[in-house]
Amino acid sequence: MSLNEIIYKFENIVGSSYVIHATEDLIAYEYDGSIDRSLPNIVVIPKNTKQISEILKICYTNQVPVIARGAGTGLSGGAIAQNGGVSIGFSRMTEIIEIDPENHLAIVEPGVINSELSEKVSEYNLYYAPDPSSQQVCTLGGNIAENSGGLHCLKYGVTTNHIIGMEIALSNGDLVWVGDKTRESPGYDLRGIVIGSEGTLALATKLVVRLLKKPETVKTFLAAFKSISDASEVVSQIISSGIIPSAIEMMDKLAISAVESSINPGYPHNAEAILLVEIDGLHEAVIEESKDITQIFKQYDLLELREAQDEKERINLWKGRKGVLGALGHLAPNYYLVDGTIPRTKLVEVLEKINQISKKIKLPIANVLHAGDGNLHPAILFNERNTSERDKALEAGAEILKICVEVGGVLSGEHGIGLEKQEYMPLMFNQSDLKSMSNLIYAFDSPNFNPNKIFPTGKKNITEINQSGIISQSGSEIFI
Amino acid sequence: MSLNNPQLQKLFGKTGITINSNSVSGYLVDNQTPMAIIYPKTIQELSTTLKIASENHLNVVPSGGNSRMNLGNQINAIDLMISMSNLDNILNHNPADLTVRVQSGITIEKFSKLLSQHNQFVPIDPPLPNIATIGGTLAVGFTGPLKWMGGNLRDTVIGMTIVESDGTIVKTGGNVVKNVTGYEMSKLHIGGLGTLGIIAEVAFKISPLPHHETTILIPVNKSNDLSQVTHDIFQSHITPLSIVSMDVSTFKSLKIKCKLDSKYVACIRLGGRRNEVQRMSTEIKKICQYVDDFIELDKSNFIWNKIANFGYPVSPKNRMIIRITSLPSKTISITNQIRKINTSFSPVDFKIISDHTHGNSIILCDNLTTSQYILELIKEIREKVHQYNGCVILESIPQNIKSQCEIWDANPNTIQLMGKFKKTYDPFQTLNPGRFAGRI
Ligand SMILES: Cc1cc2nc3c(=O)[nH]c(=O)nc-3n(C[C@H](O)[C@H](O)[C@H](O)COP(=O)(O)OP(=O)(O)OC[C@H]3O[C@@H](n4cnc5c(N)ncnc54)[C@H](O)[C@@H]3O)c2cc1C
Ligand SMILES: Cc1cc2nc3c(=O)[nH]c(=O)nc-3n(C[C@H](O)[C@H](O)[C@H](O)COP(=O)(O)OP(=O)(O)OC[C@H]3O[C@@H](n4cnc5c(N)ncnc54)[C@H](O)[C@@H]3O)c2cc1C
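Residues numbered from 1 in each chain as written. Chains lettered and ligands numbered in written order. Predicted model: local features only at pLDDT ≥ 70, side-chain atom pairs only at ≥ 80, totals over all residues. Heavy atoms only, no water.

Remarks on the overall build of chain A
Each helix and strand in chain A was counted, giving 17 helices and 20 strands. In terms of overall dimensions, chain A is globule-like: its C-alpha atoms have a radius of gyration of 22 Å, near the 23 Å expected for 480 residues. Oriented by its inertia axes, the alpha-carbon framework of chain A measures out at about 70 × 60 × 40 Å. Residue pairs at least 24 apart in sequence account for 73% of intrachain contacts in chain A once pairs closer than 6 positions are excluded. Total accessible area on chain A is roughly 16,600 Å²; 48% of this is exposed by carbon and sulfur atoms. Positive and negative side-chain charges of chain A, numbering 42 and 60 respectively, have mean locations separated by a distance of 2 Å. (Helix = DSSP H or I, 4+ residues; strand = E, 2+ residues; numbered from the N terminus. Rg over C-alpha atoms; globule rule 2.2 N^0.38 Å. Contact = heavy atoms within 4.5 Å. Areas by Shrake-Rupley, 256 points an atom, 1.4 Å probe, with all protein chains shown as cover. Lys, Arg positive; Asp, Glu negative; His and termini not counted. Charge placed at Lys NZ, Arg CZ, Asp CG, Glu CD.)

Quick look at the structure:
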């Protein structure tokens, strides 16, 4: 079937206004949060599951690549059509189909924006827990594909812990329910397999999400440290003391100075590192836990320990953390944001190694961490126009990921592999591991779904690999 | 089967792997005896065993503590049983990181003991913890009547090593709590009943034990009140660890030393800081103002152990265990309907425990008579449950009716897709052939 014939068929399914194929119109779909760029041949925006099914049938028969697209905020190139093909946009599938407050559930379409769901269920005193920093824009479908985390996943878990069932569309257009509204459904946990599969196995078309009761009390602390190793130690101490805060975030001196010069949340200028620690739950628990946490803090020579006195102050404390990526733009034209996870007890060691790398390559690295999970986000600052700086930044990123794996960690904590890290997969997995994983593509018969991602091609060299991780521009509301 | 016993002995003799073909009679699976039991001591030996088995088209049953071997559809054939009992080491426990990695043959008891020394736990509470293994429990994948609020078994696994049907050793996930590197292959094996591979090692994310625990028993006389109590507590802003209910005859059968005069009882397990638990307990009394009696038990682990062991050990001849999953809001209506079945048949002795946070009920049926009658009973239970969009798993049924009914309620669409997984990961039907949903 020719491209024009496919376009014609799609127009019959969804109407011509929802099939985009003129180059100038396709440009809006050529990128995501990474800097990879590539045009799909067609963008089609279905309204419902039936239309998706019909579209997929055509793509399957013609073996056309299918790339699902949520909000395009992914940071590993997942929504990029690097070999052309059909991009399926979910921007019209935004219905909240059912809210079942009694069973703490909702059924939603995948185009629903993450934060909108929490707003909609708020009247029942419920919320949807996974809160990626991009939650004001990213879609639940994208969250599923990346198994996204968020600030509060330390206590509440990531996307897979909150999706109990899905309707999925297979490559041949068949629709299948994997899991349902009940918590245990028979058979292999295909729900769990599809979540985190970056749009390569099946498309999520309806989601059954678990909702949580809003916590009664929330307390937020800011602790400012004289050394980054003290801050790291405190993280381990809190975790091993048997307290699971809802969030423990860390920022180092460079990150602090960036936000202080632009957003000015009032973090101590002279701190080598700060921690933001939030605890929530029943009032009594929060009071006791905050006493214990304060005790831990007091064992260290802190520059400052501040507890947010009211909601306004709490929001202000978080504002700095939220604005950090945008603020980094004030320090350098570009940065490469690395994402990896390490065992929490290795924070001191790894942050020191990152510091040495920074010295070696003579480029500043700002550290912003979901410290409680051991999820690192070092941002390597550089100027893209200076190719030597750029190459050094990319190599440093690779080196950091290698260190993560060496200390028992992993290549990605929340942004996924996509195009960005596919060549690094052999650092963690051998041929048999990768073969077993890629066998899923055969089991799902989905070679045309988001092809040539996740798995190493062995073709790219290191300076090509990382480009997708570089974000040159970010808004002030950005929160990673 | 393509090999006889001497051939088998010869094959394994060469490898040095322990093989026992003498005392196999105690290891029945669906009334069939394996030719031999293999005891691998290392993952490498496990891999070699599976390689030999698949190359010779032998049928293999992985075995943990053998406590749930009767779960599943009638097995097509069995040649070898692979016992994981020698693979029971703790590989790495990092208390400060809240992670642990173990070999899958470790018993739940040994595992829990290790963690509790550090005031930690993983929310796994299967029956018979002294024999049940991590591997078997994950392969079965039920969260059971006793679970901690919010904790689902599958959510605690962060990594695995699996040996696939052809002997390939495969690693998935890692040892850290947050990870999106590649597909989460462990999900295929949790609840996969050992049909796609053998779980060899598991890494868990662990949780701190609550500082303090209390159980509140709320006796009520009307089913409507029970409904109200469980509903009101589930909806309130407190989060108990478990909300479970049963009728008094079930309660009595657990032999818990506590006198109850009511018809039903709700058991609420509370955990946390002492003040927090106290506050929850006060709140419960406030929420359930219409109840006049509350029994509060400070040392209450024994109750939950009894609830976890409900129905076990099974003697499948005259007992049937059925597991139902539904929406939490429907559990009481469903169990009420099921209790009514009692009257239209000759007497069935139903004992039911329901969990109101996840919406499961475990039903024990005793005094079963003819096969015809059991089959009709199952049909009737299924009908009732399906009316409420719930689903049924026949956890333990008499052997003689196994060939006549399907253990799981899976829909045909899903079964078809599942079949493709079996074909991909176990093309020769080496592992547990025929036992899983849809006789996969
Ligand atoms: C400023 C900023 C902050 C961020 N913060 C976080 C954070 O805190 N935590 C975190 O985990 N991530 C974070 N991210 C990354 C990103 O927002 C998440 O990965 C998000 O889930 C992507 O959602 P999306 O709708 O934008 O998906 P897209 O980028 O459009 O797509 C992502 C992937 O999902 C697939 N996909 C989309 N819809 C479907 C569907 N219905 N079915 C199957 N596959 C589908 C696509 O094919 C693609 O592979 C951040 C990104 C930015 C730009
Ligand atoms: C009423 C009831 C309540 C339950 N409640 C709970 C609960 O609260 N919490 C909970 O966690 N569990 C619960 N379970 C699950 C349960 O107890 C497990 O089935 C049990 O722990 C099995 O352990 P085992 O080692 O004896 O397995 P076995 O009986 O040896 O094996 C069970 C199955 O798993 C397969 N298998 C065994 N080991 C492996 C392996 N390493 N790799 C792959 N496959 C393997 C076997 O082939 C067999 O099919 C409940 C079950 C029942 C019936």
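A closer look at the nonpolar core
With 157 residues, the main nonpolar core has B:Phe204 and B:Phe421 as its most contacted residues. With nine residues, helix H14 (residues 387-406) of chain A is the single largest residue contributor to this core. Residue contacts for B:Phe204: discarding those within four places in its chain leaves B:Leu98, B:Thr99, B:Val100, B:Val102, B:Phe111, B:Val122, B:Ile124, B:Ile134, B:Leu138, B:Thr156, B:Val157 and B:Ile158. Membership of the second largest hydrophobic core comes to 28 residues, among which are A:Met251, A:Ile256, A:Tyr335 and A:Leu381. (Core = buried A, V, L, I, M, F, W, Y, C linked by side-chain atoms within 4.5 Å. Buried < 20%, exposed > 50% of the residue type's maximum accessible area, 1.4 Å probe, protein only.)

Topic: the site of ligand 2
Residues and elements named next belong to chain B. Around ligand 2 there are 37 residues in total, and Ser67, Arg68, Thr137, Tyr312 and Glu395 lie nearest to it. Between an oxygen atom of ligand 2 and a side-chain N or O atom of serine 67, the distance comes to 2.5 Å. The separation between an oxygen atom of ligand 2 and a polar main-chain atom of aspartate 125 is 2.9 Å. Against a free-state accessible area of 980 Å², the protein chains account for coverage of 100% of ligand 2. Within the residue set of the shell around ligand 2, elements represented by two or more residues are strand E3 (60-63), helix H4 (134-140) and strand E10 (197-205). Per-element tally for the shell around ligand 2: the top contributor is H4, with five residues. For the shell around ligand 2, a count of residues per class yields 18 nonpolar, 15 polar and four charged. Two domains each provide a minimum of three residues to the shell around ligand 2, namely domain 1 (5-85) and domain 2 (90-208). (Near = heavy atom within 4 Å. Polar contact = N/O pair within 3.5 Å; in protein donor to acceptor, adjacent residues only side chain to side chain. Nonpolar A, V, L, I, M, F, W, Y, C, P; charged D, E, K, R; others polar. Domains from an automatic or database assignment.)

What about the interface of chain A and chain B?
With 84 residues of chain A at the interface, the matching set in chain B holds 75 residues. Both sides of the chain A and chain B interface together cover about 6,600 Å² of buried area, and 57% of this is carbon and sulfur. Applying the counting rule to chain A against chain B returns seven salt bridges. Residue A:Glu284 pairs with B:Arg279 through a salt bridge whose shortest N-O separation is 2.7 Å. (Buried area = accessible area lost by both parts, 1.4 Å probe. Salt bridge = Lys/Arg side-chain N within 4 Å of Asp/Glu carboxyl O.)

Observations concerning the site of ligand 1
All names here are of chain A. Residues in contact with ligand 1 amount to 35 residues; listed here are only the nearest, Ala68, Gly70, Thr73, Ser134 and Thr139. At 2.8 Å from an oxygen atom of ligand 1 is found a main-chain nitrogen or oxygen belonging to glycine 72. Glycine 78 is positioned with one of its backbone polar atoms (N or O) 3.1 Å from an oxygen atom of ligand 1. Out of a free accessible area of 980 Å², ligand 1 has 97% covered by protein chains. Only strand E3 (66-69), helix H5 (140-146) and strand E10 (203-210) provide two or more residues apiece to the shell around ligand 1. Of the residues assigned to the shell around ligand 1, the class counts are 15 nonpolar, 16 polar and four charged. Two domains each donate at least three residues to the shell around ligand 1, and these are domain 1 (3-89) and domain 2 (96-213).

As for the domain arrangement of chain A
Residues and elements named next belong to chain A. Taken domain by domain, chain A holds domain 1 (3-89), domain 2 (96-213), domain 3 (217-327) and domain 4 (332-438). Inter-centroid distance (C-alpha atoms) of domain 2 to domain 4 is 28 Å. Taken together, the contact between domain 2 and domain 4 spans seven residues of the former and nine residues of the latter. Summing both sides of the interface, domain 2 and domain 4 together bury roughly 570 Å²; the carbon and sulfur share of this comes to 43%. Contact with domain 4 buries area across many residues of domain 2, yet Glu146, Leu154 and Glu198 alone supply 60% of it, more than any other trio. In this assembly, domain 2 and domain 4 are joined by two residue pairs in polar contact (both at pLDDT 80 or more). In terms of residue class, the side of domain 2 that touches domain 4 is made up of three nonpolar, two polar and two charged.

What about helix H11 (residues 311-322) of chain A?
Residues and elements named next belong to chain A. Here H11 is twelve residues long and its end C-alpha atoms lie 16 Å apart, about the 16 Å a rise of 1.5 Å per residue gives. Those residues of H11 that sit buried are Arg314, Leu317, Trp318, Gly320 and Arg321. Across the axial projection of H11, the buried residues extend over an arc of 145 degrees, all falling on one side. (Expected span 1.5 Å × (residues − 1). Arc of directions from axis to C-beta.)

Some points on unusual backbone geometry
Despite not being glycine, A:Asn264 has its phi angle at roughly 55 degrees, a positive value. Here A:Asn264 shows up in the loop between helix H9 (253-262) and strand E14 (273-281). We note that B:Asp30 has phi near 50 degrees; this positive angle belongs to a residue other than glycine. Locating B:Asp30 in the fold gives a position in the loop between strand E1 (18-20) and strand E2 (36-39).

Examining the sheet that holds strand E4 (residues 80-83) of chain B
All names here are of chain B. The mixed open sheet is built from four strands, whose spatial order is E1-E2-E4-E3. If you trace the sheet from one side to the other, it starts and ends with E1 and E3, each paired once. Strand after strand, the sheet turns through a mean of 25 degrees between neighbouring axes, direction not considered. Two elements, E2 and E4, share three bridges in a ladder whose sense is parallel. (Pairing = 2+ DSSP bridges. Axes fitted to C-alpha atoms, helices over the stretch in contact; angles between N-to-C directions.)

As for the pattern of salt bridges
Evaluated as defined, the whole model comprises 43 salt bridges over all chains. Salt-bridge contacts for A:Glu307 lead to A:Lys219; the nearest nitrogen and oxygen are separated by 2.5 Å. You can see A:Glu307 sitting in strand E15 (residues 304-307) and its partner A:Lys219 sitting in strand E12 (residues 217-225), a full 88 residues away along the chain. A:Glu307 gets classed as partly exposed once you look at its relative accessible area, which sits at 26%. Between B:Arg273 and A:Glu288 there is a salt bridge, with its nearest N and O atoms 3.7 Å apart. You can see B:Arg273 sitting in the loop between strand E14 (264-272) and helix H8 (274-287) and its partner A:Glu288 sitting in helix H10 (residues 283-298), one on each of two chains. With relative accessibility at 18%, the residue A:Glu288 sits in the buried group. Beyond isolated ion pairs, a larger network of salt bridges with shared partners links A:Glu216, A:Glu284, B:Arg279, B:Glu283 and B:Lys286.

Some thoughts on the domain arrangement of chain B
On domain assignment, one finds that chain B holds domain 1 (5-85), domain 2 (90-208), domain 3 (212-308) and domain 4 (319-413). Placing the centre of domain 2 of chain B and that of domain 4 of chain B at their C-alpha centroids yields a distance of 29 Å.

Quick look at the packing of helix H8 (residues 228-240) of chain A against helix H13 (residues 347-361) of chain A
Residues and elements named next belong to chain A. It is the contact of H8 with H13, at a shortest axis distance of 8 Å, that shows an interaxial angle of 150 degrees. Comparing their axes, H13 and H8 come out roughly antiparallel. Handedness of the H8/H13 crossing: right-handed. Residue-level contacts link Ile228, Ser229, Ser232, Glu233 and Val235 of H8 to Leu347, Val348 and Leu351 of H13. Broken down by class, the residue content of the contact of H8 with H13 amounts to five nonpolar, two polar and one charged. (Parallel < 35°, antiparallel > 145°, perpendicular 65-115°, else oblique. Left-handed = near helix turned anticlockwise from the far one by under 90°.)

Considerations on the packing of aromatic side chains
Evaluation of the coordinates by the stated rule reveals nine aromatic pairs over all chains. An angle of 85 degrees between the planes, with centres 6.5 Å apart, marks the rings of A:Tyr127 and A:Tyr156 as edge-to-face. Taken together, the residues A:Tyr127 in strand E7 (residues 126-127) and A:Tyr156 in helix H6 (residues 153-156) connect sequence positions 29 residues apart. Grouping residues by exposure puts A:Tyr127 and A:Tyr156 together as buried. Geometrically, the ring pair formed by B:Trp408 and B:Phe436 is edge-to-face, given 5.0 Å between the ring centres and 70 degrees between the ring planes. A residue pair is termed long-range when its members are at least 10 positions apart, and B:Trp408 in the loop between strand E19 (391-396) and helix H12 (412-425) and B:Phe436 in the segment after H12 qualify at 28 residues. Of the two residues, B:Trp408 and B:Phe436, neither departs from the other in class, the shared state being buried. Through a chain of ring-to-ring contacts, the aromatic side chains of A:Tyr188, A:Phe444, B:Trp408, B:Phe421 and B:Phe436 assemble into a single cluster. Positioned above the aromatic ring of A:Tyr18 is the side chain of A:Arg92, whose terminal nitrogen or guanidinium carbon lies 3.3 Å from the ring centre. The ring of B:Phe142 carries B:Arg323 above its face, with NZ or CZ at 4.2 Å from the centroid. (Phe/Tyr/Trp six-rings, centres within 6.5 Å; stacked < 30°, edge-to-face > 60°. Lys NZ or Arg CZ within 6 Å of the ring centre and 35° of its normal.)

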